[in-house]
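Residues per chain are reported as follows:
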Amino acid sequence: MRSVTYSMSVSLDGYIAGPDGGFDWTTPDEEVFRLATDEVRAVGVHLLGRRLYETMLYWETVEQNPSLDFSTLAFAAIWKPLPKVVFSTTLSAVQGNARLASGGLAEEIERLRAEPGDGDIAIGGATLAAEAAASGLIDEYRARVYPVLVGGGVPFFPRHEHRADLELVETRAFGSGVVYLRYRVAR
């Protein structure tokens, strides 16, 4: 069965975006960017909320910039053809290899898990991840923890008021001070 993963950059105090909505502190160095690229390489389908989908539209045309480095082009080459499912009540159409979700999150994940296919089912965006966590649908949490305290904003971990025990699967420390933590939900 395909695993559902939630992976984001997060401040040490637990936020994916600061109080002003900014996340400029998450700009990865080459080493961290390689990790993120490797994660996406293992994904079979990516589920996104509207805000993250709109942010990631950048990658649909980035290869048209002739001054980009190899790493950026490599990520774009993986991201652009990756199937994406967008959950939104305000969008009427999406671009690229994306489609609007036709049902609820739990139903979509159940359908994707039942389909033949390789790769994880990745969830992006705090609101969507919170819904998945509250329903017990996330199998792994992956955090790239940045050495910054932003003081508030959008939390990485959902506030769903029930306990989830986790098993540490992997850790990595990077020269930039970023620490990668990968946990599996203990079931």
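Structure report, in brief. (Residues numbered from 1 in each chain as written. Predicted model: local features only at pLDDT ≥ 70, side-chain atom pairs only at ≥ 80, totals over all residues. Heavy atoms only, no water.)

1. Let's talk about the sheet that holds strand β1 (residues 4-11)
Okay, step 1: Sheet architecture is open: eight strands sit in the order β5-β4-β3-β6-β1-β7-β10-β9, paired in mixed fashion. Whereas interior strands pair on both sides, the edge strands pair on one side only; in this sheet they are β5 (98-100) and β9 (166-173). Strand-to-strand twist of the sheet, defined as the mean angle between neighbouring strand axes without regard to direction, takes the value 20 degrees.
Okay, step 2: One ladder, built from seven bridges, connects β1 with strand β7 (residues 140-146); its direction is parallel. The residue of β7 that forms the bridge with Tyr-6 is Tyr-141. (Pairing = 2+ DSSP bridges. Helix = DSSP H or I, 4+ residues; strand = E, 2+ residues; numbered from the N terminus. Axes fitted to C-alpha atoms, helices over the stretch in contact; angles between N-to-C directions.)

2. Looking at the environment of Asp-38
Okay, step 1: Relative to the helices and strands, Asp-38 is located in helix α1 (residues 30-41).
Okay, step 2: Judged by its relative accessible area of 42%, Asp-38 falls in the partly exposed class.
Okay, step 3: Residues Asp-38 and Phe-75, spaced 37 residues apart in sequence, show a C-alpha to C-alpha distance of 8.8 Å. (Buried < 20%, exposed > 50% of the residue type's maximum accessible area, 1.4 Å probe, protein only.)

3. With respect to the packing of aromatic side chains
Okay, step 1: Per the stated rule, a full pass over the model turns up 10 aromatic pairs.
Okay, step 2: Here the aromatic rings of Tyr-6 and Phe-156 are separated by 4.6 Å at their centres, their planes lie at 15 degrees, and the arrangement is stacked. Note that Tyr-6 is positioned in strand β1 and Phe-156 in the loop between β8 (154-155) and β9, a separation of 150 residues in sequence.
Okay, step 3: On the numbers, 6.2 Å between centres and 10 degrees between planes, the contact of Phe-75 with Trp-79 is stacked. Here Phe-75 and its partner Trp-79 are both found in helix α3 (residues 70-79), four residues apart, which amounts to about one turn of the helix. Grouping residues by exposure puts Phe-75 and Trp-79 together as buried.
Okay, step 4: Counting every residue linked through ring pairs, the aromatic cluster contains Phe-33, Tyr-58, Trp-59, Phe-75 and Trp-79.
Okay, step 5: The aromatic ring of Trp-79 is capped on one face by Lys-84, whose charged end is 5.0 Å from the ring centroid. (Phe/Tyr/Trp six-rings, centres within 6.5 Å; stacked < 30°, edge-to-face > 60°. Lys NZ or Arg CZ within 6 Å of the ring centre and 35° of its normal.)

4. Points about the packing of α1 against α3
Describing two packed helices takes the angle between their axes plus the distance from one axis to the other.
Okay, step 1: Contact geometry of α1 with α3 gives a least axis separation of 10 Å together with a crossing angle of 15 degrees. By the criterion of interaxial angle, the relationship of α1 to α3 is roughly parallel. When the axes of α1 and α3 are compared, the crossing they make is left-handed. Only Ser-71, Thr-72, Phe-75, Ile-78 and Trp-79 of α3 make contact with α1, whose side of the interface consists of Glu-30, Phe-33, Ala-36, Thr-37, Val-40 and Arg-41. (Parallel < 35°, antiparallel > 145°, perpendicular 65-115°, else oblique. Left-handed = near helix turned anticlockwise from the far one by under 90°. Contact = heavy atoms within 4.5 Å.)

5. Considerations on the nonpolar core
Okay, step 1: By size, the foremost hydrophobic cluster in this structure holds 26 residues, and its most contacted members are Tyr-6, Leu-47, Ile-123, Ile-138 and Phe-156.
Okay, step 2: Among the secondary structure elements, those contributing two or more residues to this core are β1, β3 (43-49), β4 (84-87), α4 (105-114), β6 (120-124), α5 (126-134) and β7.
Okay, step 3: Counting residues per element, this core draws most heavily on α5, at five residues.
Okay, step 4: Ignoring sequence-local partners within four residues, the contact set of Ile-138 consists of Val-4, Tyr-6, Ile-123, Ala-129, Ala-132, Ala-133, Val-185 and Arg-187.
Okay, step 5: By size, the runner-up hydrophobic cluster in this structure holds 18 residues, among which are Leu-52, Tyr-53, Ile-78 and Ala-98. (Core = buried A, V, L, I, M, F, W, Y, C linked by side-chain atoms within 4.5 Å.)

6. Here's the deal with the pattern of salt bridges
Okay, step 1: Applying the stated criterion across every chain, the model contains 16 salt bridges.
Okay, step 2: Linking Arg-34 and Glu-30 is a salt bridge whose minimum nitrogen-to-oxygen distance equals 3.9 Å. Taken together, the positions of Arg-34 and Glu-30, both in helix α1 and four residues apart, correspond to about one turn of that helix.
Okay, step 3: Residue Arg-34 is classed as partly exposed on the basis of its relative accessible area, which comes to 46%.
Okay, step 4: Accessibility expressed as a relative area gives 37% for Glu-30, which makes it partly exposed.
Okay, step 5: The shortest N-O distance in the salt bridge between Arg-111 and Glu-115 comes to 2.3 Å.
Okay, step 6: Connected through salt bridges with shared partners, the residues Asp-120, Glu-140, Arg-142, Glu-170, Arg-172 and Arg-182 form a single ionic network. (Salt bridge = Lys/Arg side-chain N within 4 Å of Asp/Glu carboxyl O.)

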